[in-house]
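Coordinates in review
If you want the building blocks of each chain, they are given just below.
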Amino acid sequence: RLMAGRSNRPAAADAAGEAATVPSESQPARADATRIGAMLAEIARIGPDSTGGGISRISFSRDERTAHDLVGSWLAKLGFSVKVDAIGNTIAERPGTVPGLPAIGVGSHLDSVPHGGRFDGIVGVVGAVEMARLLVENGVVTRHPLRIVIFAGEEGARFGEPCVGSKAVTGNLGNRDLSLMKDAG
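Residues numbered from 1 in each chain as written. Predicted model: local features only at pLDDT ≥ 70, side-chain atom pairs only at ≥ 80, totals over all residues. Heavy atoms only, no water.

Position of E64 among the secondary structure elements: in helix α2 (residues 62-77). Of the buried charged residues, E64 lacks a salt bridge, with R65 as the closest side chain of opposite charge at 5.5 Å. Looking at E64, its side chain comes within polar contact range of the main-chain nitrogen of F60, at 2.4 Å. Within the local environment of E64, its side chain forms a polar contact with the backbone nitrogen of G153, the two atoms lying 3.1 Å apart. When near neighbours in sequence (up to four residues on either side) are disregarded, E64 contacts R57, I58, S59, D111, F151, A152 and G153. (Helix = DSSP H or I, 4+ residues; strand = E, 2+ residues; numbered from the N terminus. Buried < 20%, exposed > 50% of the residue type's maximum accessible area, 1.4 Å probe, protein only. Lys, Arg positive; Asp, Glu negative; His and termini not counted. Salt bridge = Lys/Arg side-chain N within 4 Å of Asp/Glu carboxyl O. Polar contact = N/O pair within 3.5 Å; in protein donor to acceptor, adjacent residues only side chain to side chain. Contact = heavy atoms within 4.5 Å.)

Written out as structure tokens, the structure reads:
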């Protein structure tokens with residue numbers, strides 16, 4: 001269930017069929033298009049390629065880490081605990097109200113292919129941040145922990161292996177896999 005500090009007004013049932021509660025504002029919480037645009041623009045300024053025609057925020061580069069650090073700082077300001085795992089994924093979490101429940105996860109990636117589009121991957125990350133901000137600003141607390149994962153190395157452009165970060169999180173990337181990767185540079 002979602003619980004808000006200001007109300008216990010029933011809302012739509014969740015996927016498990018349980019009623020949720022939301023703040024009792026006369027207007028429902030809405031994503032802020034201006035804020036979303038500003039976040040997208042700030043991330044898109046990181047890693048512009050030399051041709052001026054796209055983004056080259058390559059996996060495991062300084063630019064990719066800078067983007068991770070930026071988004072991690074936004075999530076920390078929202079009260080999430082933020083850590084970076086051994087492969088470089090940024091993981092932000094906010095506890096739920098019921099101990100022991102599995103986390104609900106959302107997220108995406110910040111790396112790009114060479115000369116990639118400005119919004120590939122970052123739209124999912126910004127969507128996750130905006131969702132978190134709406135929950136915090138509206139006093140909504142979830143029963144389950146909320147986990148936002150910003151995967152590292154998802155595009156595969158640098159090592160010829162896509163989804164490195166998500167494979168590592170799910171246990172589908174071993175030492176042998178890593179030893180076979182070659183840096184395309």
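Another aspect to go through is the packing of α2 against helix α3 (residues 122-137). For the pair α2 and α3, the least separation of the axes is 10 Å and the interaxial angle reads 10 degrees. Viewed along their axes, α2 and α3 adopt a mutual orientation that is roughly parallel. Between α2, through V71, W74 and L75, and α3, the contact on the second element is made entirely by V125, V129 and A132. For the contact of α2 with α3, the residue count by class is six nonpolar, no polar and no charged. (Axes fitted to C-alpha atoms, helices over the stretch in contact; angles between N-to-C directions. Parallel < 35°, antiparallel > 145°, perpendicular 65-115°, else oblique. Nonpolar A, V, L, I, M, F, W, Y, C, P; charged D, E, K, R; others polar.)

This part takes up α3. The first and last C-alpha atoms of α3 sit 22 Å apart over 16 residues, in line with the 22 Å expected at 1.5 Å per residue. Taken together, the buried positions of α3 are occupied by I122, V125, V126, A128, V129, E130, A132, R133, L134 and L135. G139 sits one or two residues past α3 and shows a positive phi near 65 degrees. (Expected span 1.5 Å × (residues − 1).)

Our focus in this paragraph is the side chain of T90. Within the element layout of this structure, T90 appears in strand β5 (residues 90-94). Discounting residues that sit within four places of it in the chain, T90 has contacts with R65, H68, G72, V82, K83, V84, I148, V149 and I150.

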